[in-house]
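The residues making up each chain are set out below.
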Amino acid sequence: MDFGKVAVLFGGASAEREVSLMSGRAVLAALQRAGVDAHAFDPAERDVHALKEEGFARAFIALHGRGGEDGTVQGALELMGIPYTGSGVMASALSMDKWRTKMVWQAAGLPTPRYVLLDEHTDWDAVAAELGLPIFVKPVHEGSSMGATKVTAAGQLKAAWELAARYDKLVMAEEFIAGAELTAPFLGERALPLIRIVAPDGNYDYQHKYFTDDTRYDCPCGLPQAQERALQALIMHSAKVLGCRGWGRVDLILTADGRPYLLEMNTAPGMTGHSLVPMSAKVAGLSFEQLCLAILAEARLG
């Protein structure tokens, strides 16, 4: 397939710039190895309108976080008429917002942990009583566990909120669900194999996601085939109700008695050496280059 001149968008100005640089460089190298006329483009260093001026035919979005995963760059590409990878404006903006994602999932009858929005007037003891302990406190609009804290005592909630509030005005406390941590990528209309994540002390934070080898990833995940298929169907439905397309990844918890709880949707997942979508795709028979080409082939407008 002739993709024309392709821009790989990576870097950006979000808190996840460092990870985006790693993802983008890996994608760019893979596309170039496959013979695609691909070029690096960092929106933090160049005006995005140069994409139109320089005749780019498609854009591979390897931006993470705000400005790249929240509908902003998608809207700019729509206006310029340049097809792009991943979800559209609405689904990107919605999925980046953990609070509103939860409301949509709840409205569709899909399972997700209970939550409370936090601010400076919050009654911390009341939150602990309502959700139980431990509790996860996280910014609503950040990914990669940026600014997130696992709180084990009510007295820690205010400090956790203050940390998260450095990243976002909206901060959420989420009920802790004990169980296996799983992630479920999808590519087009196809659910890829699930991955079981086993992090040290159950702490799958930013450092363990990208910069250490202490976390274990099981793919295949070890679940019975029928159960994995049921979870994959749930994932595809959860993406559909948010309006997602192209590719993405859903994080979830599976309790010991088999109940799934959806945590969040990632519409521009990492593509680094520690990333999960390439790991799952490899088990499904796709090399990294084939995965990048398949994602690029899904690029579209509208």
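Structural data are supplied above this passage.
Residues numbered from 1 in each chain as written. Predicted model: local features only at pLDDT ≥ 70, side-chain atom pairs only at ≥ 80, totals over all residues. Heavy atoms only, no water.

Peer 1: Teacher, can you tell me more about the packing of helix 6 (residues 124-131) against helix 7 (residues 157-165) here?
Peer 2: For any two helices packed against each other, one specifies the inter-axial angle together with the distance between the axes. One can describe the packing of helix 6 onto helix 7 by two numbers: an axis separation of 9 Å at closest approach and a directional angle of 95°. Relative to helix 7, the element helix 6 lies roughly perpendicular. For the pair helix 6 and helix 7, contact is made by Trp124, Val127 and Ala128 and by Leu157, Lys158 and Trp161, respectively. A per-class count over the contact of helix 6 with helix 7 returns 5 nonpolar, no polar and 1 charged. (Axes fitted to C-alpha atoms, helices over the stretch in contact; angles between N-to-C directions. Helix = DSSP H or I, 4+ residues; strand = E, 2+ residues; numbered from the N terminus. Parallel < 35°, antiparallel > 145°, perpendicular 65-115°, else oblique. Contact = heavy atoms within 4.5 Å. Nonpolar A, V, L, I, M, F, W, Y, C, P; charged D, E, K, R; others polar.)

Peer 1: Would you mind going over the sheet that holds strand 2 (residues 37-41) with me for this structure?
Peer 2: Across a sheet, strands are paired by hydrogen bonds formed along the backbone, either parallel or antiparallel in direction. Strand order in this open sheet of 3 strands is 2-1-3, and the pairing throughout is parallel. At either end of the open sheet lies a strand with only one pairing partner, and these are strand 2 and strand 3 (58-61). On average, each strand axis in the sheet is inclined to that of its neighbour by 30°, with strand direction left out of account. In this sheet, strand 3 lies alongside strand 1 (residues 5-9) in parallel orientation, the contact comprising 4 bridges. Of the residues in strand 3, the one forming a bridge with Leu9 is Ile61. The sheet contacts of helix 11 (residues 288-297) involve strand 1 and strand 3, and relative to strand 3 the element is tilted by about 125°. (Pairing = 2+ DSSP bridges.)

Peer 1: What am I meant to see in the pattern of salt bridges here?
Peer 2: Summed over the entire model, instances satisfying the criterion amount to 14 salt bridges. Lys138 is paired through a salt bridge with Glu174; the nearest N and O atoms lie 2.9 Å apart. Taken together, the residues span a long stretch of sequence, with Lys138 in strand 5 (residues 135-139) and Glu174 in strand 7 (residues 171-175) at a distance of 36 residues. This pair shows no difference in class: Lys138 is buried, exactly as Glu174 is. Across the pair Arg249 and Asp251 runs a salt bridge, and its minimum N-O distance is 3.2 Å. (Salt bridge = Lys/Arg side-chain N within 4 Å of Asp/Glu carboxyl O. Buried < 20%, exposed > 50% of the residue type's maximum accessible area, 1.4 Å probe, protein only.)

Peer 1: Got a minute to help me understand helix 3 (residues 72-80) in this structure?
Peer 2: Think of an α-helix as turning once every 3.6 residues; residues three or four places apart then point the same way. Along helix 3, the positions that sit buried rather than exposed are Val73, Gln74, Ala76, Leu77 and Met80. Buried residues of helix 3 fall within an arc of 160° about the axis and therefore sit on the same side. Those residues of helix 3 that are buried lie in contact with strand 1, helix 2 (50-53), strand 3 and helix 4 (89-96). Positive backbone phi, approximately 75°, marks Gly81, located one or two places after helix 3. (Arc of directions from axis to C-beta.)

Peer 1: What's the story with the sheet that holds strand 6 (residues 149-151) in this structure? I'm lost.
Peer 2: Here we have 4 strands laid out as an open sheet, ordered 4-7-5-6, and antiparallel in their pairing. In the strand order of this sheet, the two ends are held by strand 4 (115-118) and strand 6, each with one partner. Within this sheet the neighbouring strands show an average axis-to-axis angle of 25°, counted without direction. Sheet topology note: the strand 5/strand 7 ladder contains 5 bridges and is antiparallel. Residue pairing in the sheet places Lys138 in a bridge with Met172 of strand 7. Lying on the sheet, helix 5 (residues 98-107) is in contact with strand 4, strand 5 and strand 7; it crosses strand 4 at an angle near 150°.

Peer 1: Whenever I open this one, the environment of Arg166 confuses me. Can you help?
Peer 2: Positionally, Arg166 belongs in the loop between helix 7 and strand 7. Taking C-alpha positions, Arg166 is 37 Å from Ala233, a pair spaced 67 residues apart along the chain.

Peer 1: Would you take a moment to explain the pairing of strand 13 (residues 260-266) for this structure?
Peer 2: Every other side chain in a regular strand lies on the same face of the sheet, so the side chains alternate between the two faces. In terms of residue burial, strand 13 counts as a mostly covered element, since 7 of its 7 residues are buried. Joining the antiparallel neighbours strand 12 (residues 247-254) and strand 13 is a turn of 5 residues, in which Gly258 adopts a positive phi near 90°.

Peer 1: Help me out: how do you make sense of the state of the cysteines in this one?
Peer 2: Simply put, the disulfide is a covalent bond whose two ends are the sulfur atoms of two cysteines. Applying the stated rule across the entire model yields 0 disulfides. The closest cysteine sulfur to the non-disulfide-bonded Cys292 is located on Cys219, 17 Å from its own sulfur. (Disulfide = S-S within 2.5 Å.)

Peer 1: Help me understand the nonpolar core in this model?
Peer 2: In this structure, Val8, Leu31 and Phe60 are the most contacted members of the largest nonpolar core, which totals 24 residues. Among the elements of the structure, strand 1, helix 1 (17-33), helix 10 (276-283) and helix 11 are those that each provide at least two residues to this core. Per-element accounting of this core gives the leading share, 5 residues, to helix 1. Ranked by size, the runner-up nonpolar core spans 22 residues in total, among them Leu94, Leu231, Ile235 and Leu262. (Core = buried A, V, L, I, M, F, W, Y, C linked by side-chain atoms within 4.5 Å.)

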